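What the coordinates show
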Amino acid sequence: MKKILLVFGTRPEAIKMCPLVNELKDRRSVETVVCVTGQHREMLSQVLTAFKVEPDYNLAVMEEGQTLFDLTGRVMSGMRRVLEEVRPDVVLVHGDTTTTFASALAAYYLGIPVGHVEAGLRTYNVRAPYPEEFNREAVSSIADYNFAPTELARDNLLREGKDPKSIFITGNTAIDALGTTVVNDFTHPELDWAQGSRLVILTAHRRENWGEPLHRIFRAVRRVVEEYPEVKVLYPIHLNPLVRSAAEEELSGCDRVRIIEPMDVIAFHNFLARSYMILTDSGGIQEEAPSLGKPVLVLRDVTERPEGVKAGTLRVIGTREEVIYEEFRALLTDEARYNAMSRAQNPYGDGLASVRIADILIKGKTNV
Ligand code: UD1
Ligand code: UDP
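The paragraphs below set out a description of the structure included in this document. (Residues numbered from 1 in each chain as written. Chains lettered and ligands numbered in written order. Predicted model: local features only at pLDDT ≥ 70, side-chain atom pairs only at ≥ 80, totals over all residues. Heavy atoms only, no water.)

Turning our eyes to something else, we now look at the site of ligand 2. Surveying the vicinity of ligand 2 reveals 16 residues, the closest of which are Arg11, Met263, Gly283, Gly284 and Glu288. Measuring from an oxygen atom of ligand 2, one finds a side-chain N or O atom of Arg11 at 2.9 Å. One of the side-chain nitrogen or oxygen atoms of Arg206 is found 3.0 Å away from an oxygen atom of ligand 2. The fraction of the free accessible surface of ligand 2 (540 Å²) that becomes covered by protein chains is 95%. Of all the secondary structure elements, the ones that give two or more residues to the shell around ligand 2 are α1 (11-26), α11 (265-274) and α12 (284-292). Its residues placed into classes, the shell around ligand 2 shows eight nonpolar, five polar and three charged. (Near = heavy atom within 4 Å. Polar contact = N/O pair within 3.5 Å; in protein donor to acceptor, adjacent residues only side chain to side chain. Areas by Shrake-Rupley, 256 points an atom, 1.4 Å probe, with all protein chains shown as cover. Helix = DSSP H or I, 4+ residues; strand = E, 2+ residues; numbered from the N terminus. Nonpolar A, V, L, I, M, F, W, Y, C, P; charged D, E, K, R; others polar.)

Glycine aside, residues mostly have negative phi angles, and peptide bonds mostly take the trans form. Each neighbour pair has its own omega, and for Ala128 with Pro129 the value is -10°, a cis peptide bond. Considering the arrangement of structural elements, one finds Pro129 in the loop between β5 (114-117) and α5 (132-140). Between Tyr130 and Pro131 the backbone carries a cis peptide bond, its omega angle lying at 0°. Checked against the element boundaries, Pro131 lands in the loop between β5 and α5. If you check the backbone angles, Glu118 has positive phi at about 65° while not being a glycine. Along the polypeptide, Glu118 turns up in the loop between β5 and α5.

With that settled, the discussion passes to the sheet that holds strand β12 (residues 296-298). In a beta sheet, neighbouring strands are held together by backbone hydrogen bonds and run either parallel or antiparallel to one another. The strand order across the open sheet formed by six strands is β10-β9-β8-β11-β12-β13, and the pairing between neighbours is parallel. Both outer strands of the open sheet, β10 (257-260) and β13 (314-316), are each paired with one neighbouring strand and no more. Pairwise comparison of adjacent strand axes, ignoring direction, gives a mean angle of 20° for this sheet. Across four bridges, the pairing between strand β8 (residues 198-203) and strand β9 (residues 231-236) is parallel. Bridge pairing in β9 links Leu199 to Lys232. (Pairing = 2+ DSSP bridges. Axes fitted to C-alpha atoms, helices over the stretch in contact; angles between N-to-C directions.)

Another point: the packing of α1 against helix α7 (residues 173-181). Close contact between α1 and α7 brings their axes to 8 Å; oriented N to C, the two are set at 80°. Overall, the two elements α1 and α7 adopt an arrangement that is roughly perpendicular. Contact residues: Ile15, Lys16 and Pro19 in α1; Thr173, Ala174, Asp176 and Ala177 in α7. In terms of residue class, the contact of α1 with α7 is built from four nonpolar, one polar and two charged. (Parallel < 35°, antiparallel > 145°, perpendicular 65-115°, else oblique. Contact = heavy atoms within 4.5 Å.)

Here we take up the site of ligand 1. In the vicinity of ligand 1 lie 25 residues, with His40, Glu42, Thr98, Glu132 and His238 positioned nearest. Within the backbone of Arg41, a nitrogen or oxygen atom sits 2.9 Å from an oxygen atom of ligand 1. Measuring from an oxygen atom of ligand 1, one finds a side-chain N or O atom of Glu132 at 2.4 Å. Here ligand 1, which alone exposes 750 Å², has 96% of that area covered by the protein. Elements supplying a minimum of two residues to the shell around ligand 1: α2 (42-51) and α3 (68-86). Per-class residue counts for the shell around ligand 1 are eight nonpolar, ten polar and seven charged.

Of the two faces of β5, both are covered, the one formed by Val114 and His116 as well as the one formed by Gly115 and Val117. Two strands pair when backbone bridges link them, and strand β4 (residues 90-94) and β5 are joined in this way by four bridges, in the parallel orientation. Within the sheet, the bridge partner assigned to Val93 lies in β5 and is His116. Regarding topology, helix α4 (residues 98-109) serves as the crossover connection from β4 to the parallel β5, and that connection is right-handed. (Buried < 20%, exposed > 50% of the residue type's maximum accessible area, 1.4 Å probe, protein only. Right-handed = clockwise from strand over helix to strand, strands pointing away.)

This paragraph deals with the pattern of salt bridges. All chains considered together, the criterion is met by 32 salt bridges. The residue Glu160 makes a salt bridge to Lys162 at a minimum N-O spacing of 3.5 Å. Relative accessible area serves as the criterion here: at 30%, Glu160 is assigned to the partly exposed category. Lys162 gets classed as buried once you look at its relative accessible area, which sits at 18%. Through salt bridges with shared partners, one network takes in Lys16, Asp96, Glu118, Glu133, Arg136, Glu287, Arg300, Glu304 and Arg305. (Salt bridge = Lys/Arg side-chain N within 4 Å of Asp/Glu carboxyl O.)

Tracing the chain through its elements places Glu307 in helix α13 (residues 306-310). Salt bridges are absent for the buried Glu307, whose nearest opposite-charge side chain, Arg305, sits at 6.7 Å. Within the structure, Glu307 has its side chain in polar contact with the side chain of Thr150 (distance 2.7 Å). In this structure, Glu307 is in contact with Thr150, Leu152, Ala153, Pro347 and Tyr348, ignoring residues within four places of it in sequence. (Lys, Arg positive; Asp, Glu negative; His and termini not counted.)

Written out as C-alpha cells, the structure is:
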C-alpha cells in the first residue's frame, strides 16, 4: 500500500493541508501519515483542533524569537529521523515556509519523491516575500509532483522548464477549507463590539515588514480610525513578539482598534465574511477574500497572487504611511471604488482541490 507523508508546521500550511489530510484518510487504498514540525505552536494547534487532525509526529521545533538558521537546522535533522523511520513513497509539503523548504530538502537528500501543494506561485523577487520566494522556487526544483492552484501558477512552472507531466492544476485547498468554516449563525463577543460599525480586519506579520514598515502601517491605520468614528478595526495579532511590540507602541489607547489573540480559523473566516474590508500582508487571506467579496488592501510591494488583483478584490499598496492612509480612506468614502472591489469572484478553484490531489496521488501521474 502506498504510504503518503504530509508535513507542515505553520498556521497557513495547516489550514491548507488539513483538508487534504482528511481527504486522504478517507481513502482506503493509501496509508496517510502526518508530521508537524511545530514551527508554530499555539497557532498550529488551533488549526489541528478545528479540523480534528491528530499528527503522528510532532517535532516541536518552535522557540521564542527563532531565527531562520536554528529553524532550518532543527527541521532538517528532525525530518531526517521521521523520514528514515516512516520511509514514505511520497512526501507532501505546502507552499513556501521554512518547514516546506527544509522538509523537501531532507526528502531529496534521502531520495524520497516530493509533492508540492500550492506550487508555482511567484513574484520573481527573491527578497519579497522573504524568504518565501526562495523557498518555493527551491522546492520547485526538487518536486516530482507540482500541484498548481491556477493556470497562472502552472504557466510559471512551464516557463521555468518543469516537466509538464509533473504539473497538475487542482485549485487551492484554501477554498476547500473555506467551504467548511463560514456559517450563518456565527456569534462572538467581538462581533457584538463591532455591531453598527464598519468592521475592518487587520493582520500583519511578514518578515520584510518587521521594523519601520509595521510602524508606518499602524500609524496610517490609527489616523484613519481617529478621523472616521464609524470605523472599528479588529486585529487578531500574530504571536511574534516583534510584531506585538510595534503594535503596542503605535496603537495602544486607540479605543476603536481592538487587538486580540490569534483567532481560531473558524472564527476568523466568519469575521472575514462579516467585515467591511481587510488590511493585510498575509498570503492566505488574499486567496480567501475574493470568494467572500471583501476588498483587500495588500500591505506589500509585490504579490504572488495576481489572480486576486485581476479579479478586482486586491490592491497592492505597499507600506508607505501616506499611501495606506489615502487608500484606506478612499475605500470608506468612494462608493464606486468600494463596490467595484467587493464583487465576489473566486479565481482559486471549486473547493475540490484535495479530491483532485488525492486522485492523482492514488492513480499515479500517467492518467492525466
Ligand atoms: C512563518 C513563515 C511565513 C508564514 C507565517 C505564517 C517562514 C520563514 N516564515 O513566519 O512564511 O507566512 O509563518 O504565520 O517559514 N510564535 C509563537 N507561537 C506560535 C507561532 C509563532 O509564539 O504559535 C512566535 C515565536 O516567538 C516565533 C515567532 O512567532 O519564534 C516567529 O515564528 P516563525 O514561524 O519563525 O515566523 P513567522 O513570522 O510566523
Ligand atoms: N487566520 C486565522 N486566524 C487569525 C488570522 C488569520 O485563522 O487570527 C488564517 C487566515 O484565514 C488564513 C491564514 O490564517 O487562512 C493566514 O495565515 P498567516 O497570515 O499567518 O500566514 P500567510 O498566509 O501570510 O502565510
